Amino acid sequence: MTTFTNGRVFTGESETAFASAFRIADGLIDWLGDSADVTDPDAVDLGGRTVLPGLLDSHTHPALLAGTAAAAECFPPAVMSPDDLVTVLERHASSLADPKAWVLGRGFDDTKFPEGRMPTAEDLDRVSTERPVLVWRCDAHSAVCNTKALEVAGITADTVDPEGARFERDAVGKPNGVLTELAAVDAVTRFIPAPTREDQLAAILSIGEELASRGIVAVCDLLSSRIDQPLATFRAAVERGLRTQVALYPGWDPAAPLADLSPGDREGQIRIAGVKVVLDGAYSNRTAWVHEAYPDSCDHGLRLVDDADVLAAGDWARRNGVQLAVHAMGDRALDRVVELFADAEPWLDGIPSVRIEHATIVSDAYLARLTSARMSFGIATHTVFFFAEYDGYEKALRVEQVPDAYPIARLYAGLGPLALSSDRPATAWSGADDVMLSVEAAVRRRTYNGIEFGAEAAITVAQALLLYTSRAATLSPLTGVGTLAPGCDGSFAVLDRDVFTVPDDEIAAVRVAETWVRGERVFLR
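K.L.:
Quick question: what am I supposed to make of the packing of aromatic side chains here?
P.N.:
Any aromatic ring pair is given by two values, namely how distant the centres are and how the planes are angled relative to each other. Throughout the structure, instances matching the rule amount to 18 aromatic pairs. Aromatic pair Phe 386 and Phe 453: ring centres 4.9 Å apart, planes at 10 degrees, arrangement stacked. Of this pair, Phe 386 sits in helix α11 (residues 384-388) while Phe 453 sits in the loop between α14 (435-444) and α15 (461-466), and the two are 67 residues apart along the sequence. Of the residues examined, Phe 453 reaches a relative accessible area of 3% and is grouped as buried. Cation over ring: Arg 355 sits above Tyr 249, and NZ or CZ is 5.0 Å from the ring centre. Lying over the aromatic face of Tyr 412, Arg 471 brings its terminal NZ or CZ to 4.5 Å of the ring centre.

Here it is as structure tokens:
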């Protein structure tokens, strides 16, 4: 039993709910109150520091990170041109012990490159012509590879584009190394040797340590099938010390249907919580599925799966008592989710049966459709997207769409199950899972380069933190977390500065000093 006193404890129960002391017994909070009532001489003195409930990242990708742990980070602001990209990959190639190993990278954002130029095989051939090279774009939906990688994958001028994806080509029809959307990327990445189980476990444990350094104690992995046997692998990581609670959402693959779950698959620190369908692409590279063509274009983006596959995934989720998570960014994709499910009977109690991931464009009318539907809907969305990827959104959004782009204030007021999240590593920032970065973007509504983006959608610090704590907990079956109250997990983060009183433009500089999980300190800065 441990008592903590002399803190500014944000309990997560409301925007104004604070305490100054709490006690943890057997991993759970059994008392919360005022420091004046503490009589324990061994109480831990928090020194007046601010305490938050352990934070939740409701849409992130630890399995993807574990499966691509060998990739070099190529995020802005370190990589701001094709030349920068080549330099990072050359350096990475020289560090690899195996001279035949693939040279991998992730995170470049071509919209920040001079003239917004996408790198091609010609650029990556400068890294190597003898070994395959591939680097994922920041959205993780697209990639670029060198000529050797195209050769290994057997992709030639005669290769037919996969459904819902493209092998981009030069003026004479020859593939130029740009792989647009998941099916095109998978056509090449399937030839990359999978990391060993030991490598995956080591990566997961490292990811858990990083999450703890951010104050994050629980996550939803929204494409856990990026590694083999994710449930068994993450549970093996728990045996080696992983403390993060992880809800797994494998991807729906009609060519390899998921087996039905056993009750134990849906329980415990690591559990299968749902299934994910990727309905469209991303705004930052203009592949989100939209009604009106993109500015100065006749392109409406890409629809990646048909109705039958979405409905089949929904049937599997209903049959197995888990959530359906649908990636939908473009307004046409968002409309299709409602059209397919609005009138259906929800199958889960207490949390949404259908989660919408990202939900870039949400008008008042669309929100009304969600909240009046028979189906129970929730949304996991972001502020780090417009913060980090403004250059792409500037080219993809029409002016009249900006007020409806990531309208966090509207969603906060009108939709219960709602969370902010990072989507790491599928966005153009190396520190995308820094909660304080997202909180500052939610409060200031400014991009990485200081441009105002929909100021009317700004929310307060307390509101943003609720979207990483108790409000986020209403979106998914993460249990015992998100609130500091009797009966809840004794999981919390101690900050080095008071996030509620620092100037708005210093919020992102606030750091987690300590993270505790069920009464045990797992991180000390």
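K.L.:
Hey, could you run me through the side chain of His 92 in this one?
P.N.:
Relative to the helices and strands, His 92 resides in helix α2 (residues 82-95). Not counting residues up to four positions away in its chain, the partners in contact with His 92 are Ala 70, Ala 71, Ala 72, Val 103 and Leu 104.

K.L.:
Is there a simple way to explain the sheet that holds strand β8 (residues 55-60) in this structure?
P.N.:
Two strands in a sheet stick together by hydrogen bonds in their backbones, pointing the same way (parallel) or opposite ways (antiparallel). The strand order across the open sheet built from four strands is β8-β15-β16-β17, with neighbouring strands paired in parallel fashion. With partners counted over all chains shown, the strands left at the sheet margins are β8 and β17 (270-272), one partner each. For this sheet the average axis-to-axis angle between neighbouring strands, irrespective of direction, equals 15 degrees. The pairing of strand β15 (residues 216-221) with strand β16 (residues 245-248) spans four bridges and is parallel. Bridge assignment links Ala 218 to a residue of β16, and that residue is Gln 245. Of the strands in this sheet, β15, β16 and β17 are in contact with helix α7 (residues 230-239), which crosses β17 at around 170 degrees.

Rules used in this analysis
- Residues numbered from 1 in each chain as written.
- Predicted model: local features only at pLDDT ≥ 70, side-chain atom pairs only at ≥ 80, totals over all residues.
- Heavy atoms only, no water.
- Phe/Tyr/Trp six-rings, centres within 6.5 Å; stacked < 30°, edge-to-face > 60°.
- Helix = DSSP H or I, 4+ residues; strand = E, 2+ residues; numbered from the N terminus.
- Buried < 20%, exposed > 50% of the residue type's maximum accessible area, 1.4 Å probe, protein only.
- Lys NZ or Arg CZ within 6 Å of the ring centre and 35° of its normal.
- Contact = heavy atoms within 4.5 Å.
- Pairing = 2+ DSSP bridges.
- Axes fitted to C-alpha atoms, helices over the stretch in contact; angles between N-to-C directions.

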